[in-house]
Amino acid sequence: MPVAISGSDSPQHRIFAMLDVDGDGAITRTEYLARVDRVASAMGRDPHHPVVAASRAAHEVVFQDMDADHNGRVTFEEYRTWVGHDAFERSCRPALGSLFDIADTDADGLLNRDEFTRLRTAAGNAATDADAAFDALDADRDGLVDRDAYLTGIRDFVTTGSSPMAAAYGAR
Ligand SMILES: [Ca+2]
Ligand SMILES: [Ca+2]
Ligand SMILES: [Ca+2]
């Protein structure tokens, strides 16, 4: 059952704060696209690898979608309005999936704990939070998290605030 989301501790505030890297109250295009390069670098990926290029393109789509007035800055109001609609399935899923693919160096659709932690810390999570999220997502304890479980976990956190991925954002 969805829970009411409000206040400065909401999933939207947590995610916005993570994306607004310099904390100036807006996510710039540069800040948003730099996520891709941080993850690629953390995973030792060549910046010209096709999965990195695909991720940059997917993030560009999300940014244009979020930036309602097209001024190159996404304010919290723009973000909140955008995320409240069907944005996750339309554009977030491809972008988040593309970051997963950068981290999934053997392309089997699964991340081990080390890959997952490097992905999440490059994306802005504390390492301890990433570790807790991995435990919550790895329900069968085989030491691997699959792509669908990961993306569904983030969607549930974004839309309901209740998810195994909540730990990744420091929310428990
Ligand atoms: Ca900013
Ligand atoms: Ca804007
Ligand atoms: Ca893998």
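Everything here concerns the structure above.
Comments concerning helix H8 (residues 147-160)
Compared with an ideal rise of 1.5 Å per residue, which puts 14 residues at 20 Å, H8 spans 20 Å between its outermost C-alpha atoms and is within 8% of the ideal. Where H8 is concerned, the buried positions are Tyr-150, Leu-151, Gly-153, Ile-154, Phe-157, Val-158 and Thr-160. Elements that come into contact with the buried residues of H8 comprise helix H1 (11-19), helix H4 (76-83), helix H5 (87-103), helix H6 (113-122), helix H7 (127-137) and strand E4 (144-146). At the N-terminal boundary of H8, the capping side chain belongs to Asp-146, with an oxygen 3.0 Å from the backbone nitrogen of Asp-148. The positive-phi residue at the C-terminal boundary of H8 is Gly-161, with phi of around 80°.

A look at the side chain of His-59
Within the secondary structure layout, His-59 lies in helix H3 (residues 50-66). Judged by relative accessible area, His-59 falls into the buried class, the value being 1%. Discounting residues that sit within four places of it in the chain, His-59 has contacts with Tyr-32, Leu-33, Arg-35, Val-36, Ala-95, Ser-98 and Leu-99.

Rules of the game
- Residues numbered from 1 in each chain as written.
- Chains lettered and ligands numbered in written order.
- Predicted model: local features only at pLDDT ≥ 70, side-chain atom pairs only at ≥ 80, totals over all residues.
- Heavy atoms only, no water.
- Helix = DSSP H or I, 4+ residues; strand = E, 2+ residues; numbered from the N terminus.
- Expected span 1.5 Å × (residues − 1).
- Buried < 20%, exposed > 50% of the residue type's maximum accessible area, 1.4 Å probe, protein only.
- Contact = heavy atoms within 4.5 Å.
- Polar contact = N/O pair within 3.5 Å; in protein donor to acceptor, adjacent residues only side chain to side chain.

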